[in-house]
Amino acid sequence: MRRTGSANQAANARGGERRIAAARMNSLHWSIQDMSKSEHRRLRSEIWFNDTAEPGETAVYLERYPTWGLTRGEMQSGKPVIGIAQSGSELTPCNRIHLALADRIKAGIRDAGGIPFEFPMHPIQESCRRPTAALDRNLAYLGLVEILCGYPFDGVVLTTACDKTTPAALMAAATVNLPSIVLTGGPMLNSYYDGKLAGSGMALWEARRQLAAGKISGDELIDITLASAPSPGFCNTMGTALSMNSLAEALGMSLPGCAAIPAPYGERGRMAYETGRRIVEMVREDLTPSRVLTRQAFENAIVVNSAIGGSTNCAPHLTAIARHMGVELNLDDWEEIGHEIPLLANVQPAGEYLGEGFHLAGGVPAIMGELLRAGKLRGEAMTVSGATVEQNCRDAHIKDERVIRPYDKPMKEKAGFLVLHGNLFDSALIKTSVISEAFQRKYLDQPGSPGSFTARVIVFDGPEDYRKRINDPSLKVDEDCMLVVRGAGPIAYPGSAEVVNMTPPDYAVKKGIRMLPCLGDGRQSGTSDSPSILHASPESAAGGNLAILETGDKVKVDLTNRRVDLLLSEEEIARRIENLKPQPIHNDSPWQQLYRAHVGQLDTGACLDFAVEYRDLRKVVPRHSH
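Overview of the structure. Only a predicted model underlies this, so the values are computations on that prediction, with no experimental measurement involved. (Residues numbered from 1 in each chain as written. Predicted model: local features only at pLDDT ≥ 70, side-chain atom pairs only at ≥ 80, totals over all residues. Heavy atoms only, no water.)

Some thoughts on the pairing of strand β4 (residues 180-184)
Thinking step 1. Counting buried residues in β4 gives 5 out of 5 residues, a clear majority hidden from the surface.
Thinking step 2. Side chains S180, V182 and T184 of β4 all project onto a buried face; the interleaved residues I181 and L183 project onto the opposite face, where all are buried too.
Thinking step 3. Handedness of the β-α-β unit built from strand β3 (residues 155-160), helix α8 (residues 165-176) and β4 comes out right-handed. (Buried < 20%, exposed > 50% of the residue type's maximum accessible area, 1.4 Å probe, protein only. Helix = DSSP H or I, 4+ residues; strand = E, 2+ residues; numbered from the N terminus. Right-handed = clockwise from strand over helix to strand, strands pointing away.)

Structure (C-alpha cells):
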C-alpha cells in the first residue's frame, strides 16, 4: 500500500519513535547488567574534576567554568560529562541546523543525568571551501582527536551533515574510542524547478549542460542552482552527504532512523533529544566505537551503500574510518561485498526522488530491513542503540514502494561499485548504478566486445586547463572520445577535487552528446549522474601513469575484465616514464605543506599515514597543565 503526504509522515514519525523506544528497551539489560560496575567505575572526567590527591590541580580545572553558571557541585557530582562536537556555523550552512539542535541534545543529556559541554569543530563546507573541502577532513579529524583527548569528556555527540564532517567525526571517534554517537542534521526539503523535482547538485550539472547547449543564460543557471537548495539541511539528493550519513546509521553509529529525517522536521529535534539521552546511557554501559565499528559493521555499510546508490566518495571515507579503528578493509571489498547488491532506493542521481521522499518511504531502516530479510546483512552487529542490527531492523518495512523498492523488484540488479586495474593505475572505481541505458547502448553494448569500448583521450592538467581548452575545436572532441583530468588527487590538488565529471564541449552538447566517458585521479560529486572512472591510484603526482597520457592516445575500458589500459607498447610506456619530468608543486598554506607530506592515496582512504597508528586514546591520561 502506498501512503503519501501528512499521513505517511505521521506514520513514519511514529515508526521511528517506536524503533528508538524499542532500541532503548533492548539496551536496558546492558544498563541493569552493568549497574553494579558502573556505580563504582570512575569516570574519565573525574580525573580532572575529582582528583582528591591533587586538589591544587583540580582547582585549576574547575576554576573558570562557574563563571557562566555551572556549579562546583555539578562538575564534581560524578555525572557523565558529555561533549557536543558542534559542526554548525555560518560558514557551514549544511550544518547550521545544529546550532538550534544543540539545545535539544543538551536537554536529553540533562534528563538522562549527564552534563553537556558544547564545543566547535573545524568547519567543513563542500560547496564553498577552496581548493576543496576534502583538504579539511583530516584537519578536522586531528582537531577533534586533540579535543576529545585533552578535555574531561566521558562521551561525545558528533553532529554531522556536510559530507566530510561525517568521516572526520567517525575517524576521531575510532581513534579515541570514547563512547560516541552521531546525530546528522538531515537533508533539505524537496526542491523543484518548473514544477519538477530538481535535486541539489544534480540541478547544477544539468544546468551546465543546458548552458553549454545555449538553452539558458548564466543568470538562469544560478537561479536553477539556488532553487535546488530550498531549506536548511544538506544535499537532498543521494550525494555524499546523505550517503555518508546513511552509512553512519548502517555502521550502527546513529540511532535507527536518524540519517534521513529532513532538517526542518520537528522529528529531527526529537531525534536530537533521544540522541542526547542515549549517549549518557552509552557511557554507563561503556559502549565504545570498538564494539560497534567491527568488520561486520563495515560490511553492512558497503551493502547499504550499493542499495541506496551511494556516492563513490564513501569508499575512501569508509576505508579511512576502518584504518583508524584498526579494522581490515580494502578497496576490493567494495566490489566483492557490494557489487551483487541491487539498487533499492529510487533517489537522484541514480533514480527519481529526493531525500524527503526517502525518509517518508522508510529511510535507512526500510533499506536495512529489506537487506536483512534477504540475508545480505550481518544482523549480529552491535549498534549505539544497545541492540543489534537484527533487533533494530527486523520489523522495519517500506512505506512507499515508488521510492524504496522491495529486494525482489529493484531499480537495478548488481548496483555496486566495480574496482578497475590496468597499466594506467593500480586501482580506480566506477559507480554502476548511474550507468544509464543510453550510456550502456553507446559504450558497453558493442557487438563482439560486451562491456568494453576503446576511446581517444583528451587530456587536461587540472580543471583550470579543462575549462580553458574544452571548447578548442582543434581537439576534435566527439562521442568516441574520453575526457581525462589529472593533477586532481590528494597530493596534486591538494586534497583530491570533485572535478572528474566533465561536461562535453558546447558544440558536442548542442549535437545531443549529453555525456562522455571521463577518467581522472580526483573525485566527483556524489550528486553527479556520470559513470566516471574515479580515484585512479596512484595519482599522477605520486607516480601514476596518468602522467604519461597524451591527447590522442587510445585507451581500452573493459568492465567485464575490470581493466583500463593504455594501448601502447611496453617499450613506449617505459620510454615515456623515463622522460617524464615531475611537475612542480606550490603550497599555499602551512597545512597544505603538512598534508601533502603525509597524505596517502584515495585507495587507502587518503589518511595521514602516521595518524592511523594511534588507537584507543581515551586510555591516555594527559599530563597536568600546571
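Observations concerning empty space enclosed by the protein
Thinking step 1. If you walk through the whole model with that rule in mind, you get 4 cavities of 30 Å³ or more.
Thinking step 2. In this structure, the largest cavity encloses a volume near 80 Å³.
Thinking step 3. Contributing to the lining of the largest cavity are A134, R137, K164, P316, H317, G495, S496, R523, Y595, L602 and A606.
Thinking step 4. Going through the elements one at a time, α7 (134-150) and α15 (314-325) are the ones with two or more residues in the lining of the largest cavity.
Thinking step 5. Here the lining of the largest cavity is built from residues that sort into 5 nonpolar, 3 polar and 3 charged.
Thinking step 6. Along its surface, the second largest cavity is lined by E249, G252, S254, L255, P256, M368, T383, V389, N392 and C393.
Thinking step 7. A per-element tally of the lining of the second largest cavity places helix α19 (residues 389-393) first, with 3 residues.
Thinking step 8. Class assignment for the residues of the lining of the second largest cavity results in 5 nonpolar, 4 polar and 1 charged. (1 Å grid on protein atoms, 1.4 Å probe; cavity = no way out; pocket = protein on both sides within 12 Å on 5 of 7 lines; lining within 4 Å. Points joined across faces, edges and corners; volume = space filled by probe spheres on them. Nonpolar A, V, L, I, M, F, W, Y, C, P; charged D, E, K, R; others polar.)

Quick notes on the environment of D426
Thinking step 1. Relative to the elements of secondary structure, D426 occurs in the loop between β7 (417-420) and β8 (427-431).
Thinking step 2. Between the C-alpha atom of D426 and that of A536, which follows or precedes it by 110 residues, the distance is 7.4 Å.
Thinking step 3. Setting aside anything within four residues of it in sequence, one finds D426 in contact with L420, H421, S537 and P538. (Contact = heavy atoms within 4.5 Å.)

A few points about the pattern of salt bridges
Thinking step 1. Counted under the stated rule, the structure contains 37 salt bridges.
Thinking step 2. Where E74 meets R110, a salt bridge forms, and the shortest distance between an N and an O atom there is 2.9 Å. Of this pair, E74 sits in helix α5 (residues 72-75) while R110 is found in helix α6 (residues 98-111), placing the two residues 36 residues apart along the sequence.
Thinking step 3. For R110, a relative accessible area of 38% puts it in the partly exposed group.
Thinking step 4. With a closest N to O distance of 3.4 Å, D609 and R323 form a salt bridge. (Salt bridge = Lys/Arg side-chain N within 4 Å of Asp/Glu carboxyl O.)

Points about the sheet that holds strand β2 (residues 115-120)
Thinking step 1. Here 4 strands make up an open sheet; going across it, the order is β2-β1-β3-β4 and the pairing parallel. In this open sheet, the two strands that pair with only one neighbour each are β2 and β4. Going from strand to strand, the sheet's axes swing by 25° on average, the running direction of each strand aside.
Thinking step 2. The pairing of β3 with β4 spans 5 bridges and is parallel. Bridge pairing in β4 links T159 to L183.
Thinking step 3. This element, α8, spans β3 and β4 of the sheet and lies at about 165° to β3. (Pairing = 2+ DSSP bridges. Axes fitted to C-alpha atoms, helices over the stretch in contact; angles between N-to-C directions.)

Quick word on the packing of α8 against helix α11 (residues 240-250)
Thinking step 1. Two numbers describe how α8 lies on α11: the axes approach to 9 Å, and their chain directions differ by 30°. Relative to α11, the element α8 lies roughly parallel. Two secondary-structure elements touch here, α8 through T166, P167 and L170 and α11 through M244, N245 and A248.
Thinking step 2. Tallied by class, the residues present in the contact of α8 with α11 amount to 4 nonpolar, 2 polar and no charged. (Parallel < 35°, antiparallel > 145°, perpendicular 65-115°, else oblique.)

Let's talk about the layout of surface pockets
Where empty space is left in the structure can be found by rolling a water-sized probe over the atoms.
Thinking step 1. Roughly 610 Å³ of internal volume is contained in the second largest pocket.
Thinking step 2. Lining the second largest pocket we find 22 residues, and of these G487, A492, S540, A541 and Q583 sit closest to its centre.
Thinking step 3. When its residues are assigned to classes, the lining of the second largest pocket shows 10 nonpolar, 6 polar and 6 charged.

Comments concerning the packing of helix α14 (residues 295-308) against α15
Helix packing for two helices is described by the angle between their axes and how far apart those axes are.
Thinking step 1. Interhelical geometry of α14 versus α15 gives an angle of 170° and a closest axis separation of 11 Å. Classed by the angle they form, the pair α14 and α15 counts as roughly antiparallel. Together, F298, A301, I302 and N305 of α14 and C314, L318, I321 and A322 of α15 make up the contact between the two elements.
Thinking step 2. Its residues assigned to classes, the contact of α14 with α15 shows 7 nonpolar, 1 polar and no charged.

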